[in-house]
Amino acid sequence: QVQLVESGGGLVQPGGSLSLSCTASGSIASVFAMGWYRQVPGKERDLVAEINSGGGTTYADSVKGRFTISRDSALNTMYLQMNSLKPDDTAVYYCKADLTTDWRTQQRYWGQGTQVTVSS
């Protein structure tokens, strides 16, 4: 059984910073890409940032230059440093991991989500 546990998030003023982390645990053979998505009520879940097993990164245009994604592969942990936060960044942030438990099949797992609110 695989679990993704997120931490961080909360309430911050515009221009402030927050850090999120996500750890994958369980019977994991290998983790491939990991990423952060966010969702606001009534809208689809959108990609924020992704990092592959080689460290290559992808960012949504709206967060480029403000957010930084990183990972510690030895710990199956991913981080998102969010700076210069804007009210539009307010959303539930979800962690995603593409991984294999048996070296034969790849599956996608999601965290439970953590609320980020940017407001004065």
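Scroll up to find the structure this text is about.
Residues numbered from 1 in each chain as written. Predicted model: local features only at pLDDT ≥ 70, side-chain atom pairs only at ≥ 80, totals over all residues. Heavy atoms only, no water.

J.: Can you tell me about the packing of aromatic side chains, naming the residues and giving the values?
T.: Tallied over the entire structure, the rule returns 1 aromatic pair. Look at Tyr-37 and Trp-110: their rings are 5.1 Å apart centre to centre, the planes differ by 75 degrees, and that puts the pair in the edge-to-face class. A residue pair is termed long-range when its members are at least 10 positions apart, and Tyr-37 in strand 4 (residues 30–39) and Trp-110 in strand 10 (residues 107–110) qualify at 73 residues. Tyr-37 gets classed as buried once you look at its relative accessible area, which sits at 13%. The exposure class assigned to Trp-110 is partly exposed, which follows from its relative accessible area of 34%. (Phe/Tyr/Trp six-rings, centres within 6.5 Å; stacked < 30°, edge-to-face > 60°. Helix = DSSP H or I, 4+ residues; strand = E, 2+ residues; numbered from the N terminus. Buried < 20%, exposed > 50% of the residue type's maximum accessible area, 1.4 Å probe, protein only.)

J.: An account of the nonpolar core is needed here, citing residue identities and associated values.
T.: With 30 residues, the main nonpolar core has Trp-36, Leu-80, Met-82 and Tyr-93 as its most contacted residues. Elements with a minimum of two residues in this core: strand 1 (2–8), strand 3 (18–26), strand 4, strand 5 (46–51), strand 7 (67–72), strand 8 (77–82), strand 9 (91–100) and strand 11 (114–118). Residue contributions to this core peak at 5 residues, all from strand 9. (Core = buried A, V, L, I, M, F, W, Y, C linked by side-chain atoms within 4.5 Å.)

J.: Lay out the pattern of salt bridges with the relevant residues and their values.
T.: Applying the stated criterion to the full structure yields 7 salt bridges. Of the charged contacts, one joins Arg-38 and Asp-89 as a salt bridge, the two residues approaching to 2.9 Å between their closest N and O atoms. Taken together, the positions of Arg-38 in strand 4 and Asp-89 in the loop between strand 8 and strand 9 put the pair 51 residues apart, joining distant regions of the chain. The class for Asp-89 is buried, based on a relative accessible area of 2%. Arg-108 is the salt-bridge partner of Asp-98, the closest N and O atoms lying 2.7 Å from each other. A residue pair is termed long-range when its members are at least 10 positions apart, and Asp-98 in strand 9 and Arg-108 in strand 10 qualify at 10 residues. Taking the relative accessible area as the measure of exposure, Arg-108 reaches 45% and is therefore partly exposed. Through salt bridges with shared partners, a single ionic network connects Glu-50, Lys-96, Asp-98 and Arg-108. (Salt bridge = Lys/Arg side-chain N within 4 Å of Asp/Glu carboxyl O.)

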